[in-house]
Amino acid sequence: MKIACSFVRIGCLFVFLAANAASLLGQTAPTEYKFDFSAGPDKPGFTRVSPTAVYSDEIGYGFEPGTQATTGDSGNTTTSTRPLLFSVKVPEGNFQVTVTFGDSANATTTSIKAESARLMEEKIATAAGQVASRTFTVNVRTPKLPPVPANAPGGDMVREDQFDSGNSRDWDDKLTLEINSPQAALRTIQVTPSPYSTTVFLAGDSTVTDRDGGGDVSWGQVLPRFFKYDVAVSNQAQSGETLKTFANALRLDKILSQMKKGDYLFMQFAHNDEKASWPQSYVEANTTFKAWLKVYIAEARLRGATPVLVTAMDRGARGTGAPSHAHGGYPQAMRDVAKEDNVALIDLYNNSITFYESAGADAPGILADGTHSTAYGGYEFAKCIVMGIQQNKLDLASHIADDFKDFDPAHPDTAASLDLGKIFGGGPGNGGRGTRNGRGNAASAAAASPTTPAAGDPGPGPL
């Protein structure tokens, strides 16, 4: 269990102070949400949830449509052989979540994801008769921005595009949890506002964004699994973005509107910035790419947050997984900016090349389409990020999960040992570029038949 009693008392004190401060300001006080999924005696302070309760805005909680659940363990749990998707309507912010599970007669193995498939807890084994709890922090956001003054430029909403439908649970006004187990044994869920938690904001493209629906899996959505309960990951990366378009769509403004002293901003760009065939979004390596990076760095530091640069992972050859040594001068440009501005750098580009060359028979299963990672690839890339946090001696290193062991991309895990298909499903490498919230296989089809790029231009390619 990741949380100690002393921290519970401190957290409760913070919630009490925040609630009273809100009351003095005439605002709605933060609310604690407590749900009981048993059919036994009422638990004081808990709301009983029936296995057939379907979420609605009017009720404010319930299972997502399509969830198949029944009462289990002689009325002590809600159970299913398929993932249980439960949502509660909450305001924007960070929330500390405690999930209690376990069956009196059967052993269970439980993984938990939040929002658009962010991995929070991985394969927690409980013996028959054992009840376990896990606590973690989830960031919830909406597209809304603080209103701008009259006649001022800007906007009050993030400019969403066709790709935001692929991780729509990241943008709604509710917190969604996925309880994933061959035989789920859900007992209780408690959700408490956690405004003082450290937030790790992620800015980037499709190789970082949350990927909901069992397709390819990014390192950004796996990263939360490697932090202790008191860190929230706000993955605001999105498909197709460059440093320029991310800012133009007000995605950077969204991050800055939520950012506080002590937070972090991790930035990984290049896959789309380098496409000269996209004139409105193209950012040249040694000039505008560097300049935009410096803007992001300055804005984060202005708010007391720590910027961290992440070089984009290399592309891999389809079929073999061999490194392609792509991205031209972009990784070096990021290294230059890190040195010039004294910013922490995680060199995922070099780490990925080492990984591709060291994975042996698993190499073809690292990437789903030559660019986007499978669950196996995303998991190992996330480990590279955590390793980079340690190597840069960031304060964030003290918040890394206790079960994280030192990782060397020259000696990666095997896909079989991770066995991530039970969590993410999918094809080779436990994740495949496929149907995702109505987008179908358009992206993979484009990837399979790319147009011939001009010299030095990676071409349209997958996003």
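Here the structure is a predicted model, which is why all the values come from computation and not from measurement.

Comments concerning the overall build of the protein chain
- Tallying secondary structure elements over the protein chain gives eleven helices and 17 strands in all.
- The burial tally for the protein chain puts 56% of its 463 residues in the buried class.
- Residue pairs in contact within the protein chain that sit at least 24 positions apart in sequence constitute 74% of those at least 6 positions apart.
- Taken as a whole, the protein chain presents about 18500 Å² of accessible surface, with 54% of it coming from carbon and sulfur.

Some words on helix 5 (residues 285-302)
- Given a rise of 1.5 Å per residue, 18 residues ought to cover 26 Å, and the 25 Å separating the end C-alpha atoms of helix 5 matches this to within 8%.
- What helix 5 keeps buried is the set Ala-285, Phe-289, Lys-290, Leu-293, Tyr-296, Ile-297 and Ala-300. All buried residues of helix 5 lie within an arc of 125° about the axis, which places them on one face of the element.
- Against the buried residues of helix 5 lie helix 3 (243-248), helix 4 (251-258), strand 15 (264-268), strand 16 (306-310) and helix 6 (330-340).
- For helix 5, the N-terminal cap is Glu-284; the gap from its side-chain oxygen to the backbone nitrogen of Asn-286 is 3.0 Å.
- Backbone geometry just after helix 5 places Gly-304 at a positive phi near 80°.

Observations regarding empty space enclosed by the protein
- One pass over the full model with this rule turns up two cavities of 30 Å³ or more.
- What lines the second largest cavity is a set of 13 residues, among which Met-120, Phe-136, Pro-224, Lys-228 and Val-231 lie closest to the centre.
- Elements supplying a minimum of two residues to the lining of the second largest cavity: strand 9 (118-126), strand 10 (132-140) and strand 14 (231-235).
- A class-by-class count of the residues in the lining of the second largest cavity yields eight nonpolar, two polar and three charged.

Side note on the packing of helix 5 against helix 6
- Across the interface, helix 5 lies against helix 6 with an axial gap of 10 Å and an inter-helix angle of 45°. Accordingly, the angle class assigned to the pair helix 5 and helix 6 is oblique. Considering the relative orientation of helix 5 and helix 6, their crossing is right-handed. Across from Ala-285, Asn-286, Phe-289, Lys-290, Leu-293, Lys-294 and Ile-297 in helix 5, the residues of helix 6 making contact are Tyr-330, Ala-333, Met-334, Asp-336, Val-337 and Glu-340.
- In terms of residue class, the contact of helix 5 with helix 6 is made up of eight nonpolar, one polar and four charged.

Structural notes on the side chain of Thr-137
- The residue Thr-137 is located in strand 10 in this model.
- With a relative accessible area of 1%, Thr-137 lands in the buried category.
- A distance of 2.4 Å separates a polar side-chain atom of Thr-137 from the backbone oxygen of Tyr-229.

So, how was this worked out
Residues numbered from 1 in each chain as written. Predicted model: local features only at pLDDT ≥ 70, side-chain atom pairs only at ≥ 80, totals over all residues. Heavy atoms only, no water. Helix = DSSP H or I, 4+ residues; strand = E, 2+ residues; numbered from the N terminus. Buried < 20%, exposed > 50% of the residue type's maximum accessible area, 1.4 Å probe, protein only. Contact = heavy atoms within 4.5 Å. Areas by Shrake-Rupley, 256 points an atom, 1.4 Å probe, with all protein chains shown as cover. Expected span 1.5 Å × (residues − 1). Arc of directions from axis to C-beta. Polar contact = N/O pair within 3.5 Å; in protein donor to acceptor, adjacent residues only side chain to side chain. 1 Å grid on protein atoms, 1.4 Å probe; cavity = no way out; pocket = protein on both sides within 12 Å on 5 of 7 lines; lining within 4 Å. Points joined across faces, edges and corners; volume = space filled by probe spheres on them. Nonpolar A, V, L, I, M, F, W, Y, C, P; charged D, E, K, R; others polar. Axes fitted to C-alpha atoms, helices over the stretch in contact; angles between N-to-C directions. Parallel < 35°, antiparallel > 145°, perpendicular 65-115°, else oblique. Left-handed = near helix turned anticlockwise from the far one by under 90°.

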